[in-house]
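Summary of structural features
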Amino acid sequence: MPSDRSKLTSSHWGIGIVQTSGGRITDVEGHPADPDPSLLNKNIPGGLSGRARILKPAVRSGWLDGRKGERGRDAFVEVGWDEILDLIASELTRVREEHGNEAIFGGSYGWASAGRFHHAQSQLKRFLSTNGGFVRSEGNYSYNAALVALPHFVGGSFREHVVEATRWPVIAEHSDLVVLFGGLAMRNSQICDGGASKHRMADNLKLCTERGVRFVNLSPLRTDVHASLNAEWLAPRPGSDTAVMLALARTLIEEGLHDQAFLDRYTVGANRFIGYLDGAIDGTPKSAEWAAEISGLDAGRIRTLACEMAANRTMIACAAGLQRADWGEQTLWACVSLAAMLGQIGLPGGGYTVGYAVNAHVGNVARPFRWGYLPQGCNPVSAFIPVAMISEMMLKPGATFRYNGQALTLPDCRLVWWAGGNPFHHHQDLNRLRLAFQVPETVIVNEINWTTTARHADIVLPVAAPQERTDFGGGQTDNILVPMPKAVEPPGQARVEYEIYTDLARRLGVEQEFTEGRDEEAWLRKLWSDTREAADDHGTPLPNWDAFIAGDIIELPDPSPAQVFLSEFRTDPLEYPRATPSGRIELYSETIAGFGLGECKGHATWNVARDLSSPAARTYPLALVSGQPGTRLHSQHDNGALSMEGKIGGREPVLINPADATERQISDGDIVELFNGRGRCLAGARVTSDIAQGVVFLWTGAWYDPDFEALDHRDRHGNPNVLTHDLRTSEFSQSPAAHSALVDIRPFDETPPPVEAHEPPQFCGRPVKKGPQA
Ligand SMILES: Nc1nc2c(c(=O)[nH]1)N[C@H]1C(S)=C(S)[C@@H](COP(=O)(O)OP(=O)(O)OC[C@H]3O[C@@H](n4cnc5c(=O)[nH]c(N)nc54)[C@H](O)[C@@H]3O)O[C@H]1N2
Ligand SMILES: Nc1nc2c(c(=O)[nH]1)N[C@H]1C(S)=C(S)[C@@H](COP(=O)(O)OP(=O)(O)OC[C@H]3O[C@@H](n4cnc5c(=O)[nH]c(N)nc54)[C@H](O)[C@@H]3O)O[C@H]1N2
Ligand SMILES: [Mo]
């Protein structure tokens, strides 16, 4: 029990105890109940009280001045709450009257913050639904290809895949070998959306080492696997995993090690897949030598690895990052197909998993029942976009596109409202996104800080952070409920978003519909009472709200500690069929073949990444991997203490192999420039043999800091998304493909410009009205 019970908090990376002084947060300590507390709490004080904090409502000067100027460059005019809410109410009304609700984009992707009630997207969507609806976005940036594709291959949602993943203690007991495509990054498993209260991964992996489980890490980054696991490190070229998986499968056939009985009973299409492996379709046998050429791995090792996988109880783990790449759907299908050939799917410690380490909970714990939530209302608008088509939507309204077998049209959105996300962090090809963001008539952003997205808005609403409002935490897949009493008041004029929407709803004549007669406190009590009811149904009574919010975390039983993925299906595939057309795992899918997409055929297929198959391969020789940062969550609190400690000369570190560095006369600690045909950015060089030769690794999340005087609006801070493309994985799932980009890098010989991303924008007075109407 913490000494000061009134200051517990929860975040996506863990629980903490907030220390305050003079109405400000001075520190957030780990909670004693967490065996491996996340250090990311150290970012909170700086992240909430930095110079970038938004303190007053603000309007872009050019927008006030008859919608002129350029988003992202203009100064802002600070105004009062009444004025800004009047402006928004009249602008919403205008857009609805002139263009209908199909012209309002409320997709607003992003992680926002933990807390069941004050969830930024739920609040915005509920408000917009109350006002006639909005265009939504479908899917996410994390594992979109898996969301769309796995239901075709294996049936069931991807959520089921991760929630039902085989538990690590089962692996410790039963597996001999774990083959990790894309590693098992401990830094990533700090986090889960909505909360990750106890970090169990380290202890569970310790069980594996104690039992002598062997790990093979196929990844460009050695440290993608914790050193204690003593993994063998193989570094295939980024984007070549599908080829390696296909070659492992082909080797099983060559050696007669595939499990024909499993294929016959549990799958369809094995013969056609095997035909492709043999080269019957394209004349190219998918041999170990073929994959060695593509991946840079040793053909002999591919063969012996296939034999070891067949001879042992083997878990194949595919990191989510691998499907965040060109043709990412194929990597998933190749993984499932390889596991099917081995025939261990559904056995304890065998088979495959997509997304161990995508968060703290996969394979570690699950939620016993659904916590109370704020209903988002009914959205009358049916138009949507796949989430990563944001630039495409703004730049090409009315264009048609393919998605999961459908032909759809991009909506024509005139007003864009973002709350709880940072597209200038998360989206690819930021120079293109900047152009796209010039198109809408109005952009509204609710933010805590002056992120680059807020700077690209017309209307900016300063909002309270989680520690500045009362809520309760319950992670999407956690088994722990956390009281989150307000620790400090919001600074300046920042307000709780629910109050902002309530005031707006009043102006628009829909207050009762939006609030249902409840204020913040009444909603918190309702959501808690919904949670208690669900708990009662599960036989785990919870205290009342007043006792809970004044108390400590509450841990509920883990519903499935010994779970084995697809074990029921394995027991009886007729009784427990998969939700695919055949009821089995589909190694060949008539549905997908019927989509008629060139690169996505009816079986797992090898395709070369776009940058590699274009002239870029010759111009830009290095593969850029842009994984999740260990020192923060995405772009959140990038100006916090831990995040800043990780930077080099105030810029994001880029990992580069000594051979690549020497060739370019780059030394550790140098300021370097990364560049390709899409953009360029500065970063700090970290020369290390932990990264494979031919690859550079730049963490995501440094706030994009364009220098408008420099070539390509060079980013001064080290945001990899100025270099990535936004072509998406394929027309099958239209998923983000951030990990497929080629770049080059050189020492930056000029005086490095200061990083300005963590500063507020310029403010100015109101534009003076000129002309006859003045
Ligand atoms: N190159 C590359 N790009 C990537 C990835 C990659 O691997 N490589 N990964 C992708 C992935 S997996 C993801 S999930 C995305 C993440 O992309 P995002 O989820 O957009 O990133 P965050 O930094 O978490 O942005 C959340 C924003 O919400 C704000 N916020 C927090 N709480 C609140 C609140 O209560 N109200 C409001 N209004 N705002 C709030 C924060 O200040 C922050 O600016 O990035 C993607 N981008
Ligand atoms: N600390 C921290 N943890 C996080 C997050 C964060 O921002 N900070 N974000 C969270 C979110 S939203 C998500 S979705 C998950 C993402 O979890 P993942 O998708 O697993 O994370 P990534 O870091 O994108 O990729 C994992 C690793 O894959 C490797 N990799 C990349 N490309 C290739 C390839 O072509 N082949 C092979 N074999 N390996 C490759 C990289 O070395 C990288 O370290 O992480 C979550 N955890
Ligand atoms: Mo994600």
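Provided above is the structure to which this section pertains.
Reading the values: the criteria
- Residues numbered from 1 in each chain as written.
- Chains lettered and ligands numbered in written order.
- Predicted model: local features only at pLDDT ≥ 70, side-chain atom pairs only at ≥ 80, totals over all residues.
- Heavy atoms only, no water.
- Near = heavy atom within 4 Å.
- Polar contact = N/O pair within 3.5 Å; in protein donor to acceptor, adjacent residues only side chain to side chain.
- Areas by Shrake-Rupley, 256 points an atom, 1.4 Å probe, with all protein chains shown as cover.
- Nonpolar A, V, L, I, M, F, W, Y, C, P; charged D, E, K, R; others polar.
- Buried < 20%, exposed > 50% of the residue type's maximum accessible area, 1.4 Å probe, protein only.
- Helix = DSSP H or I, 4+ residues; strand = E, 2+ residues; numbered from the N terminus.
- Core = buried A, V, L, I, M, F, W, Y, C linked by side-chain atoms within 4.5 Å.
- Axes fitted to C-alpha atoms, helices over the stretch in contact; angles between N-to-C directions.
- Parallel < 35°, antiparallel > 145°, perpendicular 65-115°, else oblique.
- Contact = heavy atoms within 4.5 Å.
- Pairing = 2+ DSSP bridges.
- Phe/Tyr/Trp six-rings, centres within 6.5 Å; stacked < 30°, edge-to-face > 60°.

Some details on the site of ligand 2
For ligand 2, the set of nearby residues contains 31 residues, the closest of which are Asp 224, Asp 241, Gly 321, Arg 324 and His 634. Here a nitrogen atom of ligand 2 sits 2.9 Å away from a polar atom, N or O, in the main chain of Leu 218. Within the backbone of Gly 321, one N or O atom sits 2.6 Å away from an oxygen atom of ligand 2. Out of a free accessible area of 920 Å², ligand 2 has 98% covered by protein chains. Looking at the shell around ligand 2 residue by residue, the classes come out as 14 nonpolar, 12 polar and 5 charged.

Concerning helix H19 (residues 497-507)
With respect to burial, H19 is a largely interior element, 8 of its 11 residues being buried. Of the residues making up H19, those classed as buried are Glu 497, Tyr 498, Ile 500, Tyr 501, Thr 502, Asp 503, Leu 504 and Ala 505. Among the residues trailing H19, Gly 509 stands out with phi positive, at a value near 75°.

Quick look at the nonpolar core
One finds Tyr 352, Trp 417 and Leu 674 to be the most contacted residues of the largest nonpolar core, which totals 213 residues. Looking at this core element by element, the count peaks at 10 residues for helix H14 (residues 328-342). In terms of nonpolar packing, the next biggest core, distinct from the first, is built from 8 residues, Val 625, Ile 691, Val 695 and Trp 699 among them.

Considerations on the packing of helix H9 (residues 241-254) against helix H11 (residues 270-278)
Packed helix pairs are specified by the crossing angle of their axes together with the interaxial distance, meaning the distance between the axes. Orientation of H9 relative to H11, taken along the N-to-C sense of each, is 100°, at an axis distance of 10 Å. As judged from the angle between their axes, H9 and H11 are roughly perpendicular. Of the residues in H11, those in contact with Leu 246, Ala 249, Arg 250 and Ile 253 of H9 are Phe 273, Ile 274, Tyr 276, Leu 277 and Asp 278. Looking at side-chain class alone, the contact of H9 with H11 contains 7 nonpolar, no polar and 2 charged residues.

Focus on the pairing of strand E27 (residues 680-687)
Here E27 lies mainly inside the structure; 6 of its 8 residues are buried. Connecting strand E26 (residues 671-675) to the next strand, E27, in antiparallel fashion are 4 residues.

Side note on the sheet that holds strand E2 (residues 14-21)
An order of E1-E2-E3 is seen for the 3 strands of this open sheet, with the pairing classed as antiparallel. The sheet is open, and its two borders are formed by strand E1 (8-11) and strand E3 (24-30), each paired with just one other strand. Across the sheet, the mean angle from the axis of one strand to that of its neighbour is 40°, orientation sign disregarded. Relative to E3, E2 is paired through 6 bridges, and the arrangement is antiparallel. Bridging from a neighbouring strand, Thr 20 pairs with Ile 25 of E3.

Details of the packing of aromatic side chains
Applying the stated rule across the entire model yields 34 aromatic pairs. Between Phe 117 and Tyr 498, the aromatic rings sit 5.2 Å apart at their centres with planes inclined by 65°, giving edge-to-face as the arrangement. Pair noted here: Phe 117 is in the loop between strand E6 (104-105) and helix H4 (120-130) and Tyr 498 is in helix H19, with a separation of 381 residues, a long-range link. With respect to burial, Phe 117 and Tyr 498 carry one shared label: buried. Measuring from centroid to centroid gives 6.3 Å for Trp 290 and Trp 606, while their planes differ by 90°, and the two rings are edge-to-face. Linking Trp 290 in helix H12 (residues 288-295) with Trp 606 in the loop between helix H24 (590-594) and helix H25 (616-619), this pair joins segments that are 316 residues apart in sequence. Neither residue differs from the other here; Trp 290 and Trp 606 are each classed as buried.

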